[in-house]
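# Close look at the chain arrangement
In case you want the letters, here they are:
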Amino acid sequence: MTEIVIATKNAGKVREFAALFEKRGIEVKSLLDFPDVPDVEETGSTFAENAKIKAEAAADRLRRPVIADDSGLAVDALGGRPGVYSARYAGEEKNDARNIAKLLSELEGVPMEKRTARFHCALAVAIPGRPTAVVEATCDGYITEAPRGEGGFGYDPVFYVPERGKTMAELAPDEKNVISHRAKALAKLEEQWDDIIGEKGESE
Ligand SMILES: O=P(O)(O)OP(=O)(O)OP(=O)(O)OC[C@H]1O[C@@H](n2cnc3c(O)ncnc32)[C@H](O)[C@@H]1O
Ligand SMILES: [Mg+2]
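Residue indices follow the written sequence of each chain, beginning from 1 at its first position. Just so you know, chain letters begin at A and ligand numbers begin at 1, following the order they were written in. Confidence filtering applies because this is a predicted model: local features only for residues at pLDDT of at least 70, side-chain atom pairs given and counted only at 80 or more, and all residues used for totals across whole chains, interfaces and linings.

Operational definition: UniProt positions are given in the numbering used here, feature names are shortened, and annotations may be inferred rather than shown by experiment.
If you check an unreviewed UniProt entry, the protein appears there as dITP/XTP pyrophosphatase from Geobacillus icigianus. Under the Sequence similarities (unreviewed entry) heading, UniProt states for the protein: "Belongs to the HAM1 NTPase family."

Quick look at the structure:
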């Protein structure tokens, strides 16, 4: 395989997948390259369900192998919210700055040791004519009291990674791409790749 479509219009995700797959010699396309593929509603109650919905819809439409990423942030002090609603946390119109502002206001007064959280990433691989495979991974950290850093996307400026002493947005892209929920899920996918693709699945 020399090219894979990621069923997303999130430019931050596309950038990370492009870097992660570049190491593997695979070129990444996204739905930004296929603007006619309609958005699907993320009606699932889990990251895995939503990843499957997005991957299968795009694979059906494009008739080619597709990976979808459904991800989000689970905050312990909020009972796991925003969870699968992370993108729409502050309203249907997705907006990272408003999502962060809402998160910080909900956590106001919560001490650092109780601000534990984790990013989740579910990756679904849909290949026409085959069962869809899903892998999942997480990345643990804390929610800071104020945003820091310019890198990454989404909630990265308020997600503190204790092992690095930095927020996800303060890490270089290569550093995030080693420790992130997305990088870990992709590593799992790689372990299962031959089974998913199947011996006769791809001749390229
Ligand atoms: O569904 P697609 O088109 O892929 O794009 P999306 O942005 O809607 O993506 P999701 O439905 O998976 O929602 C993910 C939410 O979690 C956030 N998120 C996911 N991965 C993240 C990461 O690595 N760093 C920071 N925030 C992240 C992201 O900003 C969204 O608010
Ligand atoms: Mg989405």
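### Quick look at the site of ligand 1
Filter applied, for reference: Here, nearness is defined through the C-beta atom: a residue counts as near a molecule or strand if that backbone-placed atom lies within 6 Å of it. Strands here are runs of E lasting at least two residues and helices are runs of H or I lasting at least four, both read from the DSSP assignment and numbered beginning at the N terminus.
Taken together, 23 residues surround ligand 1, and among them T8, N10, S71, A87 and G154 come closest. Elements with a contribution of two residues or more to the shell around ligand 1: strand 3 (66-75) and helix 3 (96-106).

### Re the environment of F153
Let me state the cut-off plainly: The burial label depends on the number of other C-beta atoms within 10 Å of a residue's C-beta. Counts of 20 or more mean buried, 12 or fewer mean exposed, and intermediate counts mean partly exposed, with C-beta atoms placed from the backbone. We call two residues in contact when their backbone-placed C-beta atoms lie within 7 Å.
Note that F153 resides in the loop between strand 5 (133-143) and strand 6 (159-161). Residue classification places F153 among the partly exposed positions, given that 15 C-beta atoms sit within 10 Å. Setting aside chain neighbours within four positions, we find F153 in contact with G12 and D96.

### Thoughts on the pairing of strand 3
Formally: In short, DSSP must find at least two bridges between two strands for them to pair.
In terms of burial, strand 3 is largely enclosed, as nine of its ten residues are buried. As paired elements, strand 3 and strand 4 (residues 116-126) share ten bridges and run antiparallel to each other. Counterpart to D69 in the pairing with strand 4 is L123.

### As for the pairing of strand 2 (residues 27-30)
We apply this condition: Seen with its strands pointing away from the viewer, a crossover is right-handed when the path leading from the first strand over the helix to the second is clockwise.
Burial of strand 2 is one-sided: the residues V28 and S30 facing one way are buried, the residues E27 and K29 facing the other way are not. Relative to strand 2, strand 1 (residues 3-6) is paired through four bridges, and the arrangement is parallel. Its bridge partner lying in strand 2, E3 is registered against E27. At this point the chain moves from strand 1, through helix 1 (residues 11-22), to the parallel strand 2, and the crossover so formed is right-handed.

### Section: helix 1
Our working definition: Here the expected length of a helix is defined as 1.5 Å per residue gap, with one fewer gap than residues. Arc, as used here, means the arc of the directions from the helix axis to the C-beta atoms.
Here helix 1 contains twelve residues, and its C-alpha end-to-end distance of 16 Å stays within 8% of the 16 Å for a straight helix at 1.5 Å per residue. Along helix 1, the residues that are buried comprise K13, E16 and F17. Buried residues in helix 1, looked at end-on, bunch into an arc of 100°, giving them a common side. Residues of helix 1 that are exposed and angled more than 90 degrees away from the buried face: A11 and E22. Against the buried residues of helix 1 lie strand 1, strand 2, strand 3, helix 4 (173-179) and helix 5 (181-197).

### Notes on the UniProt feature "binding site: Mg(2+)" (unreviewed entry) in the protein
In the UniProt entry, the feature "binding site: Mg(2+)" (unreviewed entry) is given for E41 and D70. Their sequence span is 30 residues, while the largest C-alpha to C-alpha distance among them is just 12.2 Å; these annotated residues converge on one region. Along the polypeptide, E41 turns up in the loop between strand 2 and helix 2 (47-62). Position of D70 relative to the elements: it lies in strand 3. The exposure class of D70 is buried, given the 28 C-beta atoms found within 10 Å. In this structure, D70 is in contact with E42, F47, N50, A51, K54 and A122, ignoring residues within four places of it in sequence.

### Side note on the nonpolar core
Put simply, the rule reads: Any nonpolar core is a set of buried residues, restricted to Ala, Val, Leu, Ile, Met, Phe, Trp, Tyr and Cys, that join up through C-beta atoms within 7 Å.
Ranked by size, the top nonpolar core spans 43 residues in total, and within it A7, A55, V66, I67, L123, A124 and F159 carry the most contacts. Those elements giving two or more residues to this core turn out to be strand 1, helix 2, strand 3, helix 3, strand 4, strand 5, strand 6 and helix 5. The element best represented in this core is strand 4, accounting for eight residues. A7 has contacts with L31, K54, A55, A58, V66, I67 and A68, leaving out every residue within four places of it along the chain.

### Quick notes on unusual backbone geometry
Here R81 and P82 are connected by a cis peptide whose omega angle stands at -5°. Positive phi, normally seen in glycine, also occurs at R63, with a value near 55°. Looking at where R63 falls in the secondary structure, it is placed in the loop between helix 2 and strand 3. Residue R63 is classed as exposed on the basis of its 9 C-beta neighbours within 10 Å.

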